[in-house]
Amino acid sequence: RKKLINHMWQSCKIKRGIGHASILLFGASGVGKSSTINHIFDLKENGILFAETNNSKSETGETIEFNLVNDDPNFNVKDLQLGVVDSPGLVDSNGTRQDVCNFFSIKKFYQEHP
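I will try to describe carefully the structure that is included in this document. (Residues numbered from 1 in each chain as written. Predicted model: local features only at pLDDT ≥ 70, side-chain atom pairs only at ≥ 80, totals over all residues. Heavy atoms only, no water.)

Further remarks concern the packing of aromatic side chains. Overall, the coordinates contain two aromatic pairs when judged by the stated rule. Geometrically, the ring pair formed by Phe103 and Phe104 is edge-to-face, given 5.7 Å between the ring centres and 80° between the ring planes. The interplanar angle of 85° and the centroid separation of 5.1 Å between the aromatic rings of Phe109 and Tyr110 together place this pair among those described as edge-to-face. Looking at Phe109, the relative accessible area reads 8%, which means it is buried. A relative accessible area of 28% means that Tyr110 is categorised as partly exposed. (Phe/Tyr/Trp six-rings, centres within 6.5 Å; stacked < 30°, edge-to-face > 60°. Buried < 20%, exposed > 50% of the residue type's maximum accessible area, 1.4 Å probe, protein only.)

This is the structure:
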């Protein structure tokens with residue numbers, strides 16, 4: 001209960017509302033985390049990519065959140081905010097030291113964006 005109250009307090013401090021949901025995409029480098037974001041936002045067909053991708057090397061260098069605001073009258077939903085968080089991968093092509101940096105990038109993101 002204490003952690004929940006602390007999380008709510010931290011969210012209020014950075015003005016993240018109760019109507020904001022967040023999904024973290026986390027996994028090894030090259031498994032398709034960034035491609036999933038491009039698919040969720042469905043903009044690749046128009047030549048617009050939210051998240052950069054690369055088939056031969058790690059592309060995502062920092063933890064970043066992409067936000068979508070949606071209304072769905074069928075479910076009585078208005079201004080639903082969904083954040084999809086893209087994280088650098090583990091087992092990075094740049095080695096173990098980069099893995100440690102990637103992990104701390106995710107940790108720092110959530111300290112600043114609870």
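When you line up the elements, Ser34 lands in helix α2 (residues 33-41). Taking relative accessible area as the criterion, Ser34 reaches 7% and is therefore assigned buried. A distance of 2.7 Å separates polar atoms of two side chains, one belonging to Ser34 and the other to Asp86. (Helix = DSSP H or I, 4+ residues; strand = E, 2+ residues; numbered from the N terminus. Polar contact = N/O pair within 3.5 Å; in protein donor to acceptor, adjacent residues only side chain to side chain.)

Reading across the sheet, the three strands line up as β1-β3-β2 and stay open at both edges, with mixed pairing between neighbours. Here the strands that pair on one side only, and so sit at the sheet edges, are β1 (20-25) and β2 (64-72). Each strand axis lies, on average, 20° off the axis of its neighbour in the sheet, ignoring direction. Where β1 meets strand β3 (residues 77-86), six bridges bridge the pair, whose relative direction is parallel. Note that in β3 the partner of Leu25 across the bridge is Asp86. Against the sheet, α2 engages β1, β2 and β3, with an angle of about 160° to β3. Packing of helix α3 (residues 96-112) onto the sheet brings it into contact with β1, β2 and β3, and relative to β1 it is tilted by some 175°. (Pairing = 2+ DSSP bridges. Axes fitted to C-alpha atoms, helices over the stretch in contact; angles between N-to-C directions. Contact = heavy atoms within 4.5 Å.)

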